[in-house]
Amino acid sequence: MKNLSVSLLFVVLVLVLVASQTLYVVKETERAVVLKFGEIVEADVLPGLHFKLPIMNEVKKFDARILTMDSRPQRYLTLEKKAVIVDSYVKWRIESVSKFYTATSGDEIIANRVLSSRVDTGLRNQFGERTMHEVVSGERDQLMDELRVGLDEVAKSELGITIVDIRVKRIDLPPDVSESVYQRMRTEREREAREHRSKGLELAEGIRADADRQQVVLESEAYRDSEIIRGDGDAVAANIYSSVYTQDPDFYEFYRSLQAYRGSFNSQGDIFVVKPDSEFFKYLNKIDP
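Below or above, wherever it landed, is the structure these notes cover. Everything quoted here is computed from the prediction, not taken from an experiment.

So, how was this worked out
Residues numbered from 1 in each chain as written. Predicted model: local features only at pLDDT ≥ 70, side-chain atom pairs only at ≥ 80, totals over all residues. Heavy atoms only, no water. Helix = DSSP H or I, 4+ residues; strand = E, 2+ residues; numbered from the N terminus. Buried < 20%, exposed > 50% of the residue type's maximum accessible area, 1.4 Å probe, protein only. Contact = heavy atoms within 4.5 Å. Areas by Shrake-Rupley, 256 points an atom, 1.4 Å probe, with all protein chains shown as cover. Core = buried A, V, L, I, M, F, W, Y, C linked by side-chain atoms within 4.5 Å. Axes fitted to C-alpha atoms, helices over the stretch in contact; angles between N-to-C directions. Left-handed = near helix turned anticlockwise from the far one by under 90°. Nonpolar A, V, L, I, M, F, W, Y, C, P; charged D, E, K, R; others polar. Pairing = 2+ DSSP bridges. Phe/Tyr/Trp six-rings, centres within 6.5 Å; stacked < 30°, edge-to-face > 60°.

## Remarks on the overall build of the protein
- Scanning the protein for helices and strands turns up eight helices and nine strands.
- The buried share of the protein, taken over its 289 residues, is 23%.
- Within the protein, contacts between residues separated by at least 24 positions form 61% of all contacts whose residues are at least 6 apart in sequence.
- Summing over all exposed atoms, the protein offers an accessible surface of approximately 20,500 Å²; the carbon and sulfur share of this is 57%.

## Regarding the side chain of S71
- The topology assignment puts S71 in the loop between β6 (67–70) and β7 (74–77).
- Contacts of S71, omitting those with residues within four sequence positions, involve D87, S88, Y89 and S116.

## Observations concerning the nonpolar core
- Core analysis: the biggest nonpolar cluster contains 32 residues, and W92, L115, L123, F127, I161 and I163 have the highest contact counts within it.
- Residue assignment for this core shows that the elements contributing at least two residues are β2 (30–36), β6, β8 (83–94), α2 (97–104), α3 (108–128), α4 (132–138), α5 (140–158) and β9 (161–172).
- Those residues within four positions of I163 in sequence are excluded, and the remaining contacts are V90, K91, W92, L115, R148, L151, D152 and A155.
- With six residues, the next largest nonpolar core counts V26, A32, V34 and V45 among its residues.

## Considering the packing of α3 against α5
- Between α3 and α5, the least distance of the axes is 10 Å, while the angle of their chain directions is 145 degrees. As α3 packs across α5, the resulting crossing turns out to be right-handed. From α3, V114, L115, R118, V119, G122, L123, Q126 and F127 reach across to α5, where they touch L143, M144, E146, L147, L151, V154, A155 and E158.
- Grouping the constituent residues of the contact of α3 with α5 by class yields 11 nonpolar, two polar and three charged.

## Side note on the sheet that holds β2
- One open sheet holds the three strands; their spatial order is β3-β2-β5, and the pairing between them is antiparallel. The open sheet has two edge strands with one neighbour each: β3 (39–45) and β5 (57–63). Across the sheet, the mean angle from the axis of one strand to that of its neighbour is 20 degrees, orientation sign disregarded.
- Alignment of β2 against β5, held across seven bridges, turns out to be antiparallel. Looking at the pairing, L35 lines up with E58 of β5.

## Structural notes on unusual backbone geometry
- Unlike most non-glycine residues, K81 shows phi in positive territory, near 65 degrees.
- Looking at the secondary structure, you find K81 in the loop between β7 and β8.
- Relative accessible area serves as the criterion here: at 65%, K81 is assigned to the exposed category.

## Some words on the packing of aromatic side chains
- For the structure shown, the criterion picks out four aromatic pairs.
- Where F62 meets F100, the ring centres are 5.6 Å apart and the plane angle is 80 degrees; that geometry is what we call edge-to-face. With F62 in strand β5 and F100 in helix α2, this residue pair connects regions lying 38 residues apart in the sequence.
- Note on F62: relative accessible area 8%, which makes it buried.

Below is the structure:
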């Protein structure tokens, strides 16, 4: 019984070993080729479970998803011979598995190295045909489209891959050029600031002068209006006094004398040198003691 169990276990192990050598799975995100002694006998194997001959056949699998190659920043010259530092990336995908394997032995590093060289040449040519303004803002999309179309044809024929997209992440000036541009921009901005400051001072002086003029005008108009009102009041008061005086001259004269007495004796420290029989005291002299 024990020998039977050992034999059964051995058979199972042999079957598992044979299955691992004859069965293989290609995922949905993979592409594969089958080799026979290093020669491709089946290209572009579809996803699923497949059989192969042990020892004779070998399966190579590759990533079928979109891959990204991030290039190092490179220095290029524009049409005006101005240097720029360009940082770009490329998105690509395997189109022909057999051609990709033949050209790169299935090594993505080799594919990225070759692709990087082609992108560098293409960007150098495209930037050399355009001005600084065109590559920075004017024709960047057109530049990328033309480069992608041209590079896609080369990549398909040489590497068996298709170029999905090429993009420039950023365009910088070299440090020495950036410093000179920065100094020129700074000088220009300082000049504009001085002009605006000068215009502001002139405008402020004009506003201040206008405000002073308006102040003088307002004060003059206010003084004129106050004098007119005071004159009208004095005229009204004179008319009132005149009408009262005509009605009872003695009372009016008596009232004016009382006003004079009140104003004269308002302060206890005041001293008057007046004759007792003066006309000023005629109403006081009429009062019985």
